[in-house]
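Commentary on secondary and tertiary structure
So the chains spell out like this:
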Amino acid sequence: MRVNGRSFGPFPLGADWQRADFPTDASAWRAGVNRVQLVWTGAAVPAAVGRGNDARELGGATDYVRIQVAR
(Lines give C-alpha, C1' and ligand atoms only; values in the text may rest on other atoms or scores of the structure.)
Protein backbone atom coordinates (compact mmCIF):
# COMPACT_ATOMS: atom_id res chain seq x y z
CA MET A 1 0.00 0.00 0.00
CA ARG A 2 1.14 3.54 -0.70
CA VAL A 3 -0.02 6.79 0.89
CA ASN A 4 1.11 9.92 -0.95
CA GLY A 5 4.03 7.99 -2.46
CA ARG A 6 5.21 6.36 0.81
CA SER A 7 5.12 2.57 0.88
CA PHE A 8 3.76 0.52 3.76
CA GLY A 9 3.69 -3.26 4.04
CA PRO A 10 3.68 -5.83 2.67
CA PHE A 11 0.50 -6.99 4.35
CA PRO A 12 -0.38 -10.69 3.92
CA LEU A 13 -3.84 -11.38 2.49
CA GLY A 14 -5.68 -14.65 1.94
CA ALA A 15 -7.71 -15.72 -1.08
CA ASP A 16 -11.11 -15.14 0.55
CA TRP A 17 -12.93 -11.91 1.43
CA GLN A 18 -11.61 -10.50 4.68
CA ARG A 19 -11.12 -7.35 6.66
CA ALA A 20 -7.59 -6.02 6.44
CA ASP A 21 -6.11 -3.20 8.53
CA PHE A 22 -3.11 -1.35 7.12
CA PRO A 23 -1.39 0.77 9.77
CA THR A 24 0.53 3.82 8.52
CA ASP A 25 2.49 6.66 10.06
CA ALA A 26 0.60 9.87 10.73
CA SER A 27 3.37 11.75 8.92
CA ALA A 28 2.35 10.11 5.62
CA TRP A 29 -0.96 11.99 5.61
CA ARG A 30 -1.55 15.64 4.83
CA ALA A 31 -4.44 18.06 5.10
CA GLY A 32 -6.73 17.98 2.07
CA VAL A 33 -6.61 15.32 -0.64
CA ASN A 34 -4.43 12.24 -0.12
CA ARG A 35 -3.57 9.54 -2.65
CA VAL A 36 -3.99 5.94 -1.45
CA GLN A 37 -2.82 3.12 -3.73
CA LEU A 38 -3.45 -0.57 -3.11
CA VAL A 39 -0.61 -2.50 -4.75
CA TRP A 40 -1.03 -6.21 -5.49
CA THR A 41 2.33 -8.01 -5.77
CA GLY A 42 0.74 -10.94 -7.62
CA ALA A 43 -0.97 -8.79 -10.24
CA ALA A 44 -1.07 -10.16 -13.79
CA VAL A 45 -2.78 -9.57 -17.13
CA PRO A 46 -5.23 -12.48 -17.64
CA ALA A 47 -4.69 -12.48 -21.43
CA ALA A 48 -0.92 -12.80 -20.93
CA VAL A 49 -1.25 -15.86 -18.68
CA GLY A 50 -3.86 -17.74 -20.74
CA ARG A 51 -6.89 -16.80 -18.61
CA GLY A 52 -9.13 -15.10 -21.16
CA ASN A 53 -8.95 -11.91 -23.23
CA ASP A 54 -8.88 -9.32 -20.44
CA ALA A 55 -5.92 -7.00 -21.04
CA ARG A 56 -6.15 -5.19 -17.68
CA GLU A 57 -3.60 -5.85 -14.95
CA LEU A 58 -5.57 -7.42 -12.11
CA GLY A 59 -4.45 -8.47 -8.67
CA GLY A 60 -7.34 -8.37 -6.23
CA ALA A 61 -10.78 -7.07 -5.44
CA THR A 62 -11.74 -4.39 -2.93
CA ASP A 63 -15.25 -3.94 -1.59
CA TYR A 64 -14.67 -0.64 0.22
CA VAL A 65 -11.96 1.43 1.86
CA ARG A 66 -12.39 3.30 5.14
CA ILE A 67 -9.79 5.71 6.49
CA GLN A 68 -9.82 5.93 10.27
CA VAL A 69 -7.68 8.07 12.54
CA ALA A 70 -6.54 6.23 15.67
CA ARG A 71 -6.83 8.31 18.81
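This one's a predicted model, so the numbers in the text were calculated from it and none came from an experiment.

Cut-offs applied
Residues numbered from 1 in each chain as written. Predicted model: local features only at pLDDT ≥ 70, side-chain atom pairs only at ≥ 80, totals over all residues. Heavy atoms only, no water. Helix = DSSP H or I, 4+ residues; strand = E, 2+ residues; numbered from the N terminus. Rg over C-alpha atoms; globule rule 2.2 N^0.38 Å. Buried < 20%, exposed > 50% of the residue type's maximum accessible area, 1.4 Å probe, protein only. Areas by Shrake-Rupley, 256 points an atom, 1.4 Å probe, with all protein chains shown as cover. Lys, Arg positive; Asp, Glu negative; His and termini not counted. Charge placed at Lys NZ, Arg CZ, Asp CG, Glu CD. Pairing = 2+ DSSP bridges. Phe/Tyr/Trp six-rings, centres within 6.5 Å; stacked < 30°, edge-to-face > 60°.

1. Some thoughts on the overall build of the chain
Helix and strand content of the chain: 0 helices and 3 strands. In the chain, the succession of helices and strands from N to C terminus is β-β-β. Since a compact globule built from 71 residues should have a radius of gyration of about 11 Å, the 15 Å found for the chain marks it as more spread out than a globular shape. Each of the three principal axes of the chain carries a C-alpha extent, and together these read 45 × 25 × 20 Å. Within the chain, the fraction of its 71 residues that count as buried is 8%. When the accessible surface of the chain is split by element, carbon and sulfur atoms take 50% of a total near 6,200 Å². The distance from the centre of the 9 positive side-chain charges to the centre of the 6 negative ones in the chain is 8 Å.

2. A few points about the sheet that holds strand E2 (residues 6-7)
Pairing within the open sheet is antiparallel, and its 3 strands lie in the order E2-E1-E3. Both outer strands of the open sheet, E2 and strand E3 (36-37), are each paired with one neighbouring strand and no more. The sheet contact formed by strand E1 (residues 2-3) and E2 spans 2 bridges and is antiparallel. Along E2, the bridge assignment pairs Val3 with Arg6.

3. Concerning unusual backbone geometry
Peptide bonds are mostly trans, and most non-glycine residues show a negative phi. With an omega of 15°, the peptide bond running from Gly9 to Pro10 counts as cis. Within the secondary structure, Pro10 is located in the loop between E2 and E3. In this model, Asn4 sits at a positive phi of 50°, which is unusual for a non-glycine residue. In this fold, Asn4 is placed in the loop between E1 and E2.

4. Here's the deal with the packing of aromatic side chains
On inspection of all chains with the given rule, the structure shows 1 aromatic pair. Ring geometry for Phe11 against Phe22: centres 4.8 Å apart, planes inclined by 55°, an arrangement best described as tilted. Taken together, the positions of Phe11 in the loop between E2 and E3 and Phe22 in the loop between E2 and E3 put the pair 11 residues apart, joining distant regions of the chain. Here Phe11 falls in the partly exposed class, since its relative accessible area comes to 25%.

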